[in-house]
Amino acid sequence: MFGLFGGGPKISVDEVKAGLAQGTMILVDVRDKQELHMTGTAKGAIHVPLTVIAAKCDPRSPDCLPAFKDTKLTKVLYCASGARSSNAAPLLKRLGHEDVQNLGGLHNWVAGGGEVVNV
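If you're wondering where the values come from, they're calculated on a predicted model, not measured in any experiment. (Residues numbered from 1 in each chain as written. Predicted model: local features only at pLDDT ≥ 70, side-chain atom pairs only at ≥ 80, totals over all residues. Heavy atoms only, no water.)

**Student:** Looking at this model, I keep getting lost on the nonpolar core. Mind explaining?
**Tutor:** One recurring pattern in soluble globular proteins is that nonpolar side chains are buried together. Ranked by size, the top nonpolar core spans 17 residues in total, and within it Val-28, Val-30, Ile-53, Cys-57, Leu-77 and Leu-92 carry the most contacts. Among the elements of the structure, β1 (25-29), β4 (74-79) and α5 (83-94) are those that each provide at least two residues to this core. For this core, the element with the most residues is α5, which contributes 4 residues. Leaving out residues up to four positions away in the same chain, Leu-77 has contacts with Val-28, Val-30, Ser-85, Ala-88, Ala-89, Leu-92, Val-100, Gln-101, Asn-102, Leu-103 and Gly-104. (Core = buried A, V, L, I, M, F, W, Y, C linked by side-chain atoms within 4.5 Å. Buried < 20%, exposed > 50% of the residue type's maximum accessible area, 1.4 Å probe, protein only. Helix = DSSP H or I, 4+ residues; strand = E, 2+ residues; numbered from the N terminus. Contact = heavy atoms within 4.5 Å.)

Here it is in structure tokens:
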């Protein structure tokens with residue numbers, strides 16, 4: 001399925017954990033709020049639904065979240081299957097974010113040993 005969207009996992013969970021610990025990465029859950037309540041979210045992730053990424057992640061927007069003002073920090077995206085995060089990646093790049101990675105789905109995070117927290 002990932003091949004259809006060109007957005008399969010490109011980065012390992014261990015790399016993401018290390019980047020989060022070092023403060024060089026931001027993990028972004030682009031799923032809808034209902035999905036977070038049903039399945040939880042990756043520990044350390046920021047929730048920004050795909051539907052609001054343009055406003056919340058544009059460093060020029062007054063609505064930009066503080067975590068997205070630094071365009072040099074690596075942004076690692078995930079959703080349920082990898083499709084929405086694959087769609088979000090080029091959008092973030094167009095907004096000026098230099099390094100955007102697609103982890104794929106929440107299942108990739110779990111399979112790699114990532115912790116999930118209830119919302």
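Past the structure itself, the notes keep going.
**Student:** I tried to follow helix α2 (residues 13-22) on my own but got confused; where do I start?
**Tutor:** Among all positions in α2, only Val-13, Val-16 and Gly-19 are buried. Viewed along the axis of α2, the buried residues span an arc of 125°, placing them on a single side of the element. Seen from the buried face of α2, the exposed residues on the opposite side, beyond 90 degrees, are Asp-14, Ala-21 and Gln-22. In the core, the buried residues of α2 are packed alongside β1, β4, β5 (100-105) and α6 (106-111). Following α2 by one or two positions, Gly-23 has its phi on the positive side, about 75°. (Arc of directions from axis to C-beta.)

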